[in-house]
Amino acid sequence: MGERVATVNLSRIIHNVILGKDELGWGPNNTFRFPMRGGTGAIWRRLAEALPQEKFQFNKKVVKIDVVQKVLTYEDGSTESYDAIVSTMPMDHLCQVVEGTTKIPRSELLEKSKQFRYSSSHILGFGFEGQPPEHLLTKCWLYFPEDDCPFYRATVFSNYSPYHVPKPGEQWSLMCEVAESPEKPVDIANIIAITEQGLRNTKLIDENTKILSRFHIRLEYGYPTPFFGRDQLCGPLFDEFESHQIYSRGRFGSWKYEVSNQDHSMMLGVEVIDRIVFNTEELTHKYPDIVNAKRDNVGRVPFIPSQEK
């Protein structure tokens, strides 16, 4: 799990607790850029605008990949031939739709598809009247390991940009994330009310805070859970798929939590295309520890979006 788990400097922790100081420089993303308008999606919409729009097709679900004939079959019955595929669908689902593999028979693929572990995510948003309380004015996101709230993380999203609320200066917002898994069920019918109470329990809001809006969405695939035997499961699958020119990449295509952020996912796509076209090495997919260890001052320049004015 590498850098994803914080290392502990005990003397520093004691020093900060005694003096009541925050460790502002902690973590690989203690500073970052963010679009002024449009949220995170603005980054990818701007990138998509630079690509040929006629190449995009949406709302077409792949239900079968025939690796012998090299043909995709969609849910609506239409088909399409291919030379190579870069698939970002969850790897367990890819195992269920691929047919005609040689070294791993279909029955074994179906069995392997059941061995992947992941958690689902509930994203809850709350809009409030006024301004954040003083203790949240300088906060971006906060983690909550305690059991007095359902969310593991809360983000003061209006601090990222004043335009994240309809009336800048008069409103503020919070985004909460709740994890769900077989080991951690979620009361979906009441999750908004439970989260709202959690905000009060953790003193992010109080009884006088006026809530203007509430939002909830459930994402079936939230996090690819690291588990013992993951690499032993995925390695042979990558080899089999790639022998048929199918490259499974992305947050759930690679199923590597350690390289599943947005920047990682983009570079997984860039590097696999370079491999297909130019036969170059894939650093992010194969060597997560290297790409997470330091800035790339040798190869590609990391993409950093400019703030939208």
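Quantities reported herein were computed from a predicted structural model and do not represent experimental measurements.

Engineer: What is the right way to read the overall build of the protein chain from this model?
Structural biologist: Counting secondary structure elements, the protein chain contains 9 helices and 11 strands. Buried positions account for 37% of the 309 residues belonging to the protein chain. With the model as given, the accessible surface of the protein chain reaches about 18900 Å², and the carbon-plus-sulfur share is 54%. The centroid of the 36 positive side-chain charges in the protein chain is displaced by 3 Å from the centroid of its 41 negative side-chain charges.

Engineer: Just checking my understanding: could you explain the pairing of strand β9 (residues 171–180) for this structure?
Structural biologist: Each regular strand shows side chains that alternate between the opposite faces of the sheet. Most of β9 is tucked away, with 8 of its 10 residues classed as buried. Here 10 bridges tie strand β6 (residues 118–129) to β9, and the two strands are oriented antiparallel to one another. Looking at the pairing, E129 lines up with Q171 of β9. Strand direction decides the pairing type here: strand β8 (residues 153–155) and β9, joined by 3 bridges, are antiparallel. Across the sheet, the residue bridging to R153 is E177, located in β9.

Engineer: Sorry if this is basic, but what is going on with unusual backbone geometry here?
Structural biologist: Glycine aside, a negative phi is what most residues show, and trans is what most peptide bonds show. One non-glycine residue, K203, adopts positive backbone phi at about 65°. Structurally, K203 can be placed in the loop between α5 (191–201) and β10 (211–224). Exposure remark for K203: the relative accessible area of 61% places this residue in the exposed category. Backbone geometry at W255 places phi at a positive 55°, although glycine is not the residue there.

Engineer: How should the domain arrangement of the protein chain be read in this particular structure?
Structural biologist: Reports often express the size of an interface as the amount of accessible area lost when the parts come together. Here the protein chain is described as being made up of domain 1 (52–116 + 227–293) and domain 2 (118–221). A separation of 33 Å is found between the C-alpha centroids of domain 1 and domain 2.

Engineer: How should α5 be read in this particular structure?
Structural biologist: The α-helix advances 3.6 residues per turn, and as a result positions three or four apart in sequence lie on the same side. Three or more residues of α5 are buried, namely I191, T195, E196, G198 and L199. Angular distribution of buried residues about the axis of α5 spans 155°; they occupy a single face of the element. Contacts from the buried residues of α5 go to β6, β9 and β10. Residue K203 follows α5 closely and has a positive phi angle near 65°.

Engineer: How should I be thinking about the sheet that holds strand β5 (residues 98–99) in this particular structure?
Structural biologist: One open sheet accounts for 4 strands, arranged β3-β2-β1-β5; its pairing is mixed. Among the strands making up the open sheet, the edge pair consists of β3 (79–81) and β5. The pairing of strand β1 (residues 62–66) with β5 spans 2 bridges and is classified as parallel. Across the sheet, the residue bridging to D66 is E99, located in β5.

Conventions and cut-offs
- All residue numbers refer to position in the chain's written sequence, counted from 1.
- Predicted model: local features are reported for residues with pLDDT of at least 70 only, side-chain atom pairs are reported and counted for 80 or more only, and whole-chain, interface and lining totals are derived from all residues.
- With hydrogens and water set aside, each side-chain value is computed from the structure's full complement of heavy atoms.
- Under the DSSP-based scheme used, a helix requires at least four consecutive residues in state H or I and a strand at least two consecutive residues in state E, with every element numbered from the N terminus.
- Three exposure classes are used, based on accessible area relative to the maximum for each residue type with a 1.4 Å probe and protein chains only: buried under 20%, partly exposed in between, and exposed over 50%.
- Here the Shrake-Rupley method, with its probe set to 1.4 Å, supplies the accessible areas, and only the displayed protein chains count as covering residues.
- Counted as positive: Lys and Arg. Counted as negative: Asp and Glu. His and the chain ends are not counted at all.
- One atom stands in for each charge, and that atom is NZ of Lys, CZ of Arg, CG of Asp or CD of Glu.
- Strand pairing requires that DSSP identify at least two bridges connecting the strands.
- Domain delimitation follows an automatic or database domain assignment.
- Along the arc lie the directions from the helix axis toward the C-beta atoms.
- Residues are treated as being in contact if the distance between any of their heavy atoms lies within 4.5 Å.

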